[in-house]
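# Architecture at a glance
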Amino acid sequence: MDLYEAMRTCRAVRRHRPDAIPDDVLRRVLEAATFAPTGGNAQPWRMIAVRDATKRRTLRDLYLPLWQEYSKEYMRVSAGLTGDAATKRDRMLAAANHLGEHLDVSPVIVVFVFDVRRMSITDDGLGRPSVVGGASIYPAVQNLLLACRVEGLGCVLTTLLCKAEPQVRALLEIPDPWATAAFVPIGWPASKGHGPLTRRPLQNMAFGDRFGGAL
Ligand SMILES: Cc1cc2nc3c(=O)[nH]c(=O)nc-3n(C[C@H](O)[C@H](O)[C@H](O)COP(=O)(O)O)c2cc1C
């Protein structure tokens, strides 16, 4: 598959079949993640591919109440949407509810962890939340998502479980000071799967020479 095509169609796919992912396919998508850039090539992140059914159930039990809380707030702030936007929101919420209740059905949940001591953080002390550390983790997550797209696997980047980090660290025996950054359930799509994305047009996202300037 052409890379541009993969990027244009790599949807959040939240409904998965329980069928196993062959080892060679899993290794390919995990290896794709390792080719991502990191500050100083430190690679301060690791992946834990959670296949154990009991552990996946525990992750679901931790995730569901977090999602239920988050979705209440999401509904509140998006209550004014109408027409096409409301339809899209409802479709997304239905899929996300499904994921919350069935997270354990995905045959693999890839947990990204990081070691903050080995990250290049060049935006600390600016009086705003620092984001640069994440730039040494999330390109790897995106590589994983795109590799899944090419393999025909459904996947979605989630972060809510970071709120349950102490429990996740105990469950997966993650040593101090490694911390959690992302949770990616992966499985063969149970319904339509990937497809064209809805995003803001380029002119709203890219400027020329000054913020807001026409490209
Ligand atoms: C930082 C981040 C955190 C996310 N966390 C969750 C999550 O906890 N649960 C979930 O169902 N989706 C989560 N998503 C998926 C987004 O909702 C999804 O990428 C977005 O709605 C675009 O979906 P689309 O690519 O299908 O258009 C997250 C995405 C990102 C980038």
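Residues numbered from 1 in each chain as written. Predicted model: local features only at pLDDT ≥ 70, side-chain atom pairs only at ≥ 80, totals over all residues. Heavy atoms only, no water.

## So, helix α5 (residues 138-151)
Compared with the 20 Å implied by 1.5 Å per residue over 14 residues, the 20 Å span of α5 between its first and last C-alpha is a close match. Listed in full, the buried residues belonging to α5 are Ala140, Val141, Leu144, Leu145, Leu146, Ala147, Cys148 and Arg149. Next to the buried residues of α5 lie α1 (3-8), α2 (23-34), β1 (45-50), β2 (108-114), β3 (154-155) and β4 (179-187). At the exit of α5 stands Gly152, carrying a positive phi of roughly 80°. (Helix = DSSP H or I, 4+ residues; strand = E, 2+ residues; numbered from the N terminus. Expected span 1.5 Å × (residues − 1). Buried < 20%, exposed > 50% of the residue type's maximum accessible area, 1.4 Å probe, protein only. Contact = heavy atoms within 4.5 Å.)

## A word on the environment of Arg199
Among the secondary structure elements, Arg199 is positioned in the loop between β4 and α7 (202-205). A residue is classified by how much of its surface remains accessible, and Arg199, at 61% relative accessible area, is exposed.

## Things to note about the packing of aromatic side chains
Within the structure shown, the criterion is met by four aromatic pairs. Ring geometry for Phe207 and Phe211: centres 4.6 Å apart, planes at 65°, overall edge-to-face. What makes Phe207 partly exposed here is its relative accessible area of 30%. Accessibility expressed as a relative area gives 75% for Phe211, which makes it exposed. Through a chain of ring-to-ring contacts, the aromatic side chains of Trp67, Tyr70 and Tyr74 assemble into a single cluster. (Phe/Tyr/Trp six-rings, centres within 6.5 Å; stacked < 30°, edge-to-face > 60°.)

## Considerations on the site of the ligand
Residues in close proximity to the ligand include Arg11, Ala12, Arg14, Tyr63, Leu99, Val156, Leu157, Thr158, Thr159, Leu160, Leu197 and Arg199, which together make up its full environment. A distance of 2.9 Å is found between an oxygen atom of the ligand and a backbone nitrogen or oxygen belonging to Ala12. Here the ligand loses 63% of its free accessible area of 630 Å² to cover by the protein chains. Residues that form the shell around the ligand fall into these classes: seven nonpolar, two polar and three charged. (Near = heavy atom within 4 Å. Polar contact = N/O pair within 3.5 Å; in protein donor to acceptor, adjacent residues only side chain to side chain. Areas by Shrake-Rupley, 256 points an atom, 1.4 Å probe, with all protein chains shown as cover. Nonpolar A, V, L, I, M, F, W, Y, C, P; charged D, E, K, R; others polar.)

## A short note on unusual backbone geometry
The linkage connecting Asp176 with the following residue, Pro177, adopts the cis geometry, with an omega of 0°. Positionally, Pro177 belongs in the loop between α6 (165-172) and β4. Phi is positive for Gln43, which is not a glycine, with a value near 45°. Structurally, Gln43 is set in the loop between α2 and β1. With relative accessibility at 30%, the residue Gln43 sits in the partly exposed group. Despite not being glycine, Glu173 shows a phi value in the positive range, around 55°. In this structure Glu173 comes out as exposed when scored by relative accessible area, which is 65%.

## Section: the pairing of β2
In terms of burial, β2 is largely enclosed, as seven of its seven residues are buried. What you see with β2 is no split at all: Val108, Val110, Phe112 and Phe114 on one side and Ile109, Val111 and Val113 on the other are buried throughout. The pairing of β1 with β2 spans six bridges and is antiparallel. Looking across to β2, one finds that Ala49 is bridged to Val110. Sheet analysis places β2 next to β4, joined by seven bridges and oriented antiparallel. In the sheet register, Phe112 faces β4, and the bridge partner there is Ala182. (Pairing = 2+ DSSP bridges.)

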